[in-house]
Structure formats: structure tokens, C-alpha cells
Amino acid sequence: MNSQVLYGIDFPVLPERDPRGDYFYYDSKRLPYLINPIESFMGSYVTTLPVVHLLVYLTPDVHRPLYILDPAGVGSLYNSFVVAGWGGVTVVNTAVEVEDTSKMSLSDKLNSTESQLALIALLRQYFGIDGSTTTANLGQDWLRLKRRQAALCPWQLQTLALHTWVDSTLDALVTVGSLLRLLERISNIVIDDHVADSIAEGVAQLSASVEASGGGERGGGLAEAVASSCRAAGAFEAAFFDHSLLSLLYFPDDQKYAIYTPLFLPLSLPVFISVRQILSYYCRSYASGGKVEKE
């Protein structure tokens, strides 16, 4: 887990002011324009694992209080919103009674029950374990993060495992499909033994994942299915990104012609001229009845 504090950074889009002048707000239509410019100021971490961003925005005094409104114009419960595939943002407003927040420490601004509950609600909503996502009226409830005091239920953990199994299975299928298209595009490709073993291992693990998930007679449970699907995705990725295959990607047929033609053309040109002269000699000899004198 990595964290950082950015000073003097504000949202690129200014919030709108309530007609009565009581508060500032961002409606749901303006939320997509807030994240991309902020990412340029955030530190980048090189990792192959999924990353979840939790952004806490401390409202400046000139735009306080600041609220997040859902499509129905109602303020979100914890003044937060979720960005699918990225993370979430929560807006923290200090007490209105405090006129100058510059004298407050960072811990005093964040050490509140509301901000902590907002982060918990963001994580639950991001991972898809919030019960509000199952309501029929989903369009009006997508920003309202509800509080859950109880721990995760077994069915919620099973839902997380099911999402992981679906994602890893799709990754495995996409990778093996890309590998098949690569083999079809490059003719006369040489597959090493370790690459073939990785592909065979991926197919076996993918079949075991389907069996364990309950699709076969020997269903072993969702946990085993998730583990097998992750191993299948890893095996297919190892085969696809193997160095013996990557070296062939940079030399398709048209590039081979461009490389070898300047090398063989100067050597083949005298041969072609000699063959032409020999054929011309025999043609003249045949036309004159075999009485062509040598020059």
C-alpha cells in the first residue's frame, strides 16, 4: 500500500454554486472530468497487479461545503463516488464553524467517522459487495453508498471469488486466442518444448477450473476453480510472452524481403545475366542449325 499527499492541487472543473448560495456541488454529469487531470499529479507505480486508487479530497475554504449529487440531484450519503476499474473519490468537508482550515493539521481534518465510513463504503461499492447494487432502481442508486456495520457475509465472499474466477477465465481465453492468432499469422513458426508445455498446462488448468466450478461431475468448489483459472491465465501469458516467440514478431514476411533483397540482389544479378547469355547462345545455335561460331 502506497500513499501520498498533494498540496495545492484542485479539481480542474470548478464546482457549481447552489442558487441560494448555501453550498457548492458536482452533479453526476461533471464527475467523469475530475479524475484524468488529477492522475497526472499522482505518483506512478510499476506493477502487474491490479491497483485500487482511493482519493481523499479536502475541500478548500473557498468551496466549502462541497457535495456530490447523484443523477436525481440528491447528495450521496458519504459524499463519495466510485470510478469503475480505477477506485473511488471521497470529499471531506471540515466543520463550517472553522473559518480558517489552514491552521488545522492533516490528521485533524481526516480523523472523522464520516471519512472513515466513506472509505469503507467505497471499497464495498468498488468490489461489488454493496447490497444497493442489487436493487431494481439501480439508475438512481449508483452513487448512494450505504453503510454496512456487519462483516462480510459468506455469500459476499463467494461473490468476490466468483468475480475473480470470471475475470481470470476471461483473461486466459483472451490470451490463448491471441496466441492462436499469432501462430496463424506467422508461417513456419517454431514452438519450443517449454512453450508447448505451458500451453498444455494452461488448457489442463482451464479444464480443471470448469470442472471445479461445478460444470462437471467432479466439482471441487469455487476456491479450487479460482486457483485453477489463475494458473491457466499465468501459463498462457508465459507462453504468449516467451522470448522465442517475441523475437519473431518483429520479422514478418514483408520485413524479411526488405532485409534480404539488398543482400541477394547484387549476387543474383550476375547469375541472371549469365543464364540469359547461355539461353541466348543456345537459341541462336538452334535457329542456325547448330553452326553458331563462338565469339
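Residues numbered from 1 in each chain as written. Predicted model: local features only at pLDDT ≥ 70, side-chain atom pairs only at ≥ 80, totals over all residues. Heavy atoms only, no water.

Caption draft 1: Quick peek at unusual backbone geometry. Here Arg64 and Pro65 are connected by a cis peptide whose omega angle stands at 0°. As for its position among the elements, Pro65 is in the loop between strand S3 (53–58) and strand S4 (66–68). (Helix = DSSP H or I, 4+ residues; strand = E, 2+ residues; numbered from the N terminus.)

Caption draft 2: Layout of helix H4 (residues 154–185). With 32 residues, H4 should reach 46 Å at 1.5 Å per residue; the first-to-last C-alpha distance of 47 Å fits that figure. Among the residues of H4, Gln156, Trp165, Ser168, Thr169, Ala172, Thr175, Val176, Gly177, Leu179 and Leu182 are the ones counted as buried. (Expected span 1.5 Å × (residues − 1). Buried < 20%, exposed > 50% of the residue type's maximum accessible area, 1.4 Å probe, protein only.)

Caption draft 3: Representation of the confidence of the model for the protein. A residue-level look at the protein finds 76% of positions with pLDDT of 70 or above and a mean pLDDT of 76. Note on residues 132–150: pLDDT is under 50 here. Beyond four places in sequence and across chains, it has 47 contacts. (pLDDT = per-residue confidence, 0-100. Contact = heavy atoms within 4.5 Å.)

Caption draft 4: Seen up close, the pattern of salt bridges. In the structure shown here, the tally under the stated rule is 3 salt bridges. Notably, a salt bridge pairs Arg30 with Glu16, separated by 3.3 Å at the nearest N-O pair. In this pair, Arg30 is assigned in the loop between strand S2 (24–26) and helix H1 (35–39) and Glu16 in strand S1 (residues 16–17), connecting sequence segments 14 residues apart. On the accessibility criterion, Glu16 (31% relative accessible area) is partly exposed. For Asp18, the salt bridge goes to Arg20, with nearest N and O atoms at 3.6 Å. Here Arg20 falls in the exposed class, since its relative accessible area comes to 67%. Within this structure, Asp18, Arg20 and Asp22 form a network of salt bridges that share partners. (Salt bridge = Lys/Arg side-chain N within 4 Å of Asp/Glu carboxyl O.)

Caption draft 5: Seen up close, the side chain of Thr175. Along the chain, Thr175 turns up in helix H4. Discounting chain neighbours no more than four positions away, the residues touching Thr175 are Phe236, Glu237 and Phe240.

Caption draft 6: Seen up close, a nonpolar patch on the surface. Taken together, the side chains of Ile259, Tyr260, Leu263, Phe264 and Leu267 present a nonpolar region at the surface, about 550 Å² in accessible area. Tracing the chain through its elements places Leu263 in helix H8 (residues 253–287). (Patch = residues over 30% accessible without salt bridge, like charges linked within 9 Å, V, L, I, M, F, W, Y side chains within 5 Å. Areas by Shrake-Rupley, 256 points an atom, 1.4 Å probe, with all protein chains shown as cover.)

Caption draft 7: The sheet that holds strand S6 (residues 87–92), seen in detail. The strand order S3-S6-S5 describes an open sheet built from 3 strands, whose pairing is mixed. Each having just a single partner strand, S3 and strand S5 (80–83) make up the two edges of the open sheet. Averaged over all pairs of adjacent strands, the angle between their axes in this sheet comes to 15°, without regard to strand direction. Bridge count for S5 against S6 is 4 bridges, and the pairing is antiparallel. Of the residues in S6, the one forming a bridge with Val82 is Gly88. (Pairing = 2+ DSSP bridges. Axes fitted to C-alpha atoms, helices over the stretch in contact; angles between N-to-C directions.)

Caption draft 8: Quick look at the pairing of S6. The buried fraction of S6 amounts to 6 of the 6 residues, a majority that puts the element mostly inside the structure. With 6 bridges connecting them, S3 and S6 associate as parallel partners. Residue Val56 lies in a different strand from S6, and its bridge partner there is Thr90. Linking two consecutive strands that pair antiparallel, namely S5 and S6, is a turn of 3 residues; a positive phi of about 80° is found at Gly85 within it.

Caption draft 9: Main features of the nonpolar core. Counting 17 residues, the largest nonpolar core has Phe11, Tyr26, Leu34, Phe81 and Val89 as its most contacted members. Only S2, H1, S3, S4 and S6 provide two or more residues apiece to this core. Excluding residues within four positions of it along the chain, Val89 makes contact with Phe11, Ile35, Leu55, Asn79, Ser80, Phe81 and Leu122. Among the nonpolar cores identified, the runner-up in size contains 7 residues, and Ile186, Ile189, Ala239 and Leu245 belong to it. (Core = buried A, V, L, I, M, F, W, Y, C linked by side-chain atoms within 4.5 Å.)

Caption draft 10: Highlighting the packing of aromatic side chains. Counted under the stated rule, the structure contains 6 aromatic pairs. Centre to centre, the rings of Tyr281 and Tyr282 are 5.5 Å apart; their planes meet at 75°, and the pair counts as edge-to-face. One aromatic cluster is present, built from ring pairs that chain together Phe11, Tyr26 and Tyr57. (Phe/Tyr/Trp six-rings, centres within 6.5 Å; stacked < 30°, edge-to-face > 60°.)

Caption draft 11: Up close: the environment of Asp22. Here Asp22 lies in the loop between S1 and S2. Each C-alpha atom of the pair Asp22 and Leu66 lies 9.9 Å from the other, and the pair is 44 residues apart in sequence.

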